[in-house]
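Survey of secondary and tertiary structure
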Amino acid sequence: MNIPNNPFLGTHYIGKEEIKAANEVLKSKSLFRYQGPNLKYKTLEFEKNMAEYLGVKYVLGCTNGTSALKLCFIANDIGPGDEVLMTPFTFIASAGSILSCGAVPKFIDVDATMNIDPSKLEENIGKNTKAILVVHIQGQPCDMEKIMAIAHKHNLIVIEDAAQALGAELKGKKAGTFGKCSAFSLQAGKTITCGEGGFLATNDEKIYKKAKMYHDNGGFRIGDNYPTWENGTTFFGENFKMNELQSAIANEQLKKINNILDHQQTLYYDIVNNIDLDFYKLRPSVPNSILVHSNLSIIFDDEQDCAKFIRFMNKNGIGFTNQCNNLINQFDTFRKQQSWHHTGFPYNLSEFEETECYISKSLFKRVAWFSLSAELKQSHIKYIVKKLNEYQNEF
Ligand SMILES: Cc1ncc(COP(=O)(O)O)c(C=O)c1O
């Protein structure tokens, strides 16, 4: 049996609602968020609805999660000479957005949760450390209480990469609402989607205003009027604005978010409640957290055991893979990169005195990962459980 392995969560839920909303925008001939003959204000509506969902004051729609992440650094004046602590166990954009501001990522290790290890933070804080970038990897919240306490003690800014964690919570508070600001992605593989898209979330008016200007080429816009670059507050920015079509689709997806999350959770528990959790070690999580169950991650003590398990599952049509194919700090692309640093420019990142990330290095070869596709039917789930139990009995 070939088991569906389609990681595109929100995409699966695209239905007549999204089609109707997109058609409405097309018919209005008003695709730009600030002007049009019959503007529907879908981006404004999306920002308001998302702010309400997250429980924050401000949301700014963006072209994608990468641009939203860059805005988080720009709005906090993070740039040349600054270091940002983060783990290498993430998607390249987490580090890329730091580099694109001229700052330098400093890699520290994960713990068994696969998220940043709070106990490694203090020993890595130096005089150039300005911020901590926490990544709620694969929809699982980081230990925000510990991280916020350390950040507070050392006067560091906390930025959250919540690209993969829309809907995750910790002690009743949504991931992405703990730090100074956060970035989310609406790319096709995320909880909800409009193909490409993203947004910044914050409670801080100053951050919001600076991000809003930067994402609009640094101009100052009153209402929907054409911006000015001559009022003394303006600067050179970039164009990261979300368009009305994206927003119309994202709005409809947001209405479905609880269904999406519940469905994913059901799929997850239908599997894990029927396997031996003394044999299969699952990814541990911080107490009182609610996860986005985008996947099933099984952790093995040994790389060979993990590889053997993946081979067995693949032979049986179940697409388990290793977590990712490399850690960011080991990519050649990254090691060849230059940036600014307090020691000057050009600064080769390969010269950077890295702390060793032993757990990250070993985990990515010891985790077997399976995407919980929304297309999984009960017959597929039963088959997966059967094969997991078969593997346990055989080995
Ligand atoms: C952890 C993480 N950060 C940032 C991004 C960037 O988001 P986008 O693809 O919308 O630019 C992604 C997207 O996959 C991601 O997974």
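The coordinates are above.
Summarised in this report is the structure supplied together with it. As the structure is a computational prediction, the values presented were derived from the model and not from experiment.

Turning our eyes to something else, we now look at the side chain of Arg-366. As for its position among the elements, Arg-366 is in helix 11 (residues 358–366). Buried charge Arg-366 goes without a salt bridge, the closest partner of opposite sign being Asp-301 at 5.0 Å. A polar contact is formed between the side chain of Arg-366 and the backbone oxygen of Phe-300, at a distance of 2.7 Å. If we skip the residues at most four places from it in the chain, Arg-366 touches Ile-298, Ile-299, Phe-300, Asp-301, Asp-302, Glu-303, Cys-306 and Asn-322.

Pairing within the open sheet is mixed, and its seven strands lie in the order 1-9-8-5-4-2-3. Edge positions in the open sheet fall to strand 1 (58–62) and strand 3 (104–107), since each of these has one partner strand only. Ignoring which end each strand starts from, the neighbouring axes of this sheet average 25 degrees apart. Relative to strand 9 (residues 198–202), strand 1 is paired through five bridges, and the arrangement is antiparallel. Paired with Gly-61 across the two strands is Phe-199, which belongs to strand 9. Against the sheet, helix 4 (residues 92–99) makes contact with strand 2 (83–86), strand 3, strand 4 (129–135) and strand 5 (157–161), and its axis sits at roughly 140 degrees relative to strand 3, the strand it touches most.

Moving on to the nonpolar core. If you look at the biggest cluster of nonpolar residues, it comprises 43 residues, and the most contacted ones within it are Leu-71, Phe-73, Ile-78, Leu-133 and Ile-159. The leading source of residues in this core is helix 3 (residues 65–75), at seven residues. When residues of this core are sorted by domain, at least three fall in each of domain 1 (10–256) and domain 2 (258–324 + 361–394). If we skip the residues at most four places from it in the chain, Ile-78 touches Phe-73, Val-84, Cys-101, Ala-103, Lys-130, Ala-131, Ile-157 and Ile-159.

Calculation rules
- Residues numbered from 1 in each chain as written.
- Predicted model: local features only at pLDDT ≥ 70, side-chain atom pairs only at ≥ 80, totals over all residues.
- Heavy atoms only, no water.
- Helix = DSSP H or I, 4+ residues; strand = E, 2+ residues; numbered from the N terminus.
- Buried < 20%, exposed > 50% of the residue type's maximum accessible area, 1.4 Å probe, protein only.
- Lys, Arg positive; Asp, Glu negative; His and termini not counted.
- Salt bridge = Lys/Arg side-chain N within 4 Å of Asp/Glu carboxyl O.
- Polar contact = N/O pair within 3.5 Å; in protein donor to acceptor, adjacent residues only side chain to side chain.
- Contact = heavy atoms within 4.5 Å.
- Pairing = 2+ DSSP bridges.
- Axes fitted to C-alpha atoms, helices over the stretch in contact; angles between N-to-C directions.
- Core = buried A, V, L, I, M, F, W, Y, C linked by side-chain atoms within 4.5 Å.
- Domains from an automatic or database assignment.

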